[in-house]
Amino acid sequence: MSVGLAGVALLTGLGLAARHVRSATATPRQRVRVARALMGTEVEVVVWSAAGRASAARAAAEAALDDIARLEGLLSDYRADSEIGRLGRGETVLVSADTRAVLAEARSWSERSGGAFDATRGALYQRWRAARAAGQLPAPGELSALVALGGWDEVREEAGRLRLGRPGMRLDLGGVAKGFAAERASALLLERSFPDHLVDCGGDLAVAGSRDGAPWRLAIPDPRGRGVVATLLVRPGTVATSGDAQRFFEVGGVRYGHIIDPRTGWPARGTASVTALAPEGADALATALYVLGPERGLALLAGLPEAHAIFVAADGAVRLSPGLRRRGAVIEVAR
Ligand code: ADP
Ligand code: MG
């Protein structure tokens, strides 16, 4: 969905959260934008190219969207016939190299985050999806059984095929697949010699080169609708926001979001949104940081040299990781 607002182009998807601000200056270069509904959100590709290459840029952007559609067909846990869906039905599956790559990325973020990010507890996340749809909390006993249903050791490999070790176990790549797809789309655009572009999978972004010669600027909307937290000058790489702004439900005045702490079985609380910036992998990182919260999240970031984050608390308080600095309304990476 794109909403025009006083010269600001909003790039927000279903879950999320980043916008880019359009330059007011006219230039000889050309901007091409294509968008498509994919991965449960609106995916948008913006390419800046020399005037005269606009139709090639459009074709490359459409090809990037086609590739995201293909990845969705492999990775979606909403689709029973995807590779991830088939694993969840108990099948033994010869998975594609792409699915393997996303699983490897997911596993590595599980390890780095001490289990805060965990794509093997899809059964637990599905239970919360159903709870959200019904507006009713699950029973605590149900949750402890689902917390026990997962773990990377249960993703078994036999003769090159994968199988989940426990009946009822499900994988859920919802916290990592959109960012992975954005990075793939960005790589495809680079291969086709369009180095200046942005791919936005509903708030999970891959950003390359510049926006008409200037750094890409993104705006972080306040997760409770109180305007814009800040604008951000971003370096090429990935940016992602995780939060409870859009997918949540309330019971007894308590807000339950869609990001679950896999150790307790309950939705993570305390943070309203986290925007992560990293050379790659910001999608999973943002989800992990959301679960960890600012204290433990900043400790994780201290071990990831080029990763940064902006935490927004429910009351609107903003915390920046040490590598970021705030200059007026603009947040930038400190040199
Ligand atoms: P969005 O999907 O809105 O971009 P995230 O990237 O933060 O948000 O991913 C959240 C989704 O990831 C959830 O909807 C669920 O499918 C899954 N998920 C929930 N909790 C976790 C977790 N602790 N680790 C990994 N994936 C999770
Ligand atoms: Mg994520």
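Before reading on, note that the structure itself is shown above.
Residues numbered from 1 in each chain as written. Chains lettered and ligands numbered in written order. Predicted model: local features only at pLDDT ≥ 70, side-chain atom pairs only at ≥ 80, totals over all residues. Heavy atoms only, no water.

Let's shift gears to the packing of aromatic side chains. According to the stated counting rule, one finds five aromatic pairs in the structure shown. Note on Trp128 and Phe249: the rings are 6.3 Å apart at their centroids and 45° apart in plane angle, and the pair reads as tilted. One end of the pair, Trp128, is in helix H4 (residues 122-134); the other, Phe249, is in strand S13 (residues 248-251), with 121 residues separating them in the sequence. With relative accessibility at 2%, the residue Trp128 sits in the buried group. Centroid distance Phe249 to Tyr256: 5.6 Å. Interplanar angle 35°. Geometry classified as tilted. You can call Tyr256 buried: its relative accessible area is 9%. Here the aromatic residues Trp128, Phe249, Tyr256 and Trp266 are joined through ring pairs into a cluster of three or more. Just above the ring of Trp109 sits the side chain of Arg112; from NZ or CZ to the centre is 4.0 Å. (Phe/Tyr/Trp six-rings, centres within 6.5 Å; stacked < 30°, edge-to-face > 60°. Helix = DSSP H or I, 4+ residues; strand = E, 2+ residues; numbered from the N terminus. Buried < 20%, exposed > 50% of the residue type's maximum accessible area, 1.4 Å probe, protein only. Lys NZ or Arg CZ within 6 Å of the ring centre and 35° of its normal.)

What follows is about the site of ligand 1. Every one of the 20 residues lining ligand 1 counts as a neighbour, but Asp172, Ser242, Ile260, Asp283 and Thr287 are closest to it. Note that a nitrogen atom of ligand 1 is positioned 3.5 Å from one of the side-chain N or O atoms of Tyr125. Contact between ligand 1 and His258: an oxygen atom at 2.9 Å from a side-chain N or O atom of the residue. Burial of ligand 1 by the protein amounts to 97% of the accessible area it has alone, namely 560 Å². Looking at the shell around ligand 1 element by element, the count peaks at three residues for helix H7 (residues 282-302). Looking at the shell around ligand 1 residue by residue, the classes come out as eight nonpolar, six polar and six charged. (Near = heavy atom within 4 Å. Polar contact = N/O pair within 3.5 Å; in protein donor to acceptor, adjacent residues only side chain to side chain. Areas by Shrake-Rupley, 256 points an atom, 1.4 Å probe, with all protein chains shown as cover. Nonpolar A, V, L, I, M, F, W, Y, C, P; charged D, E, K, R; others polar.)

That's the geometry; what it means functionally is another story.
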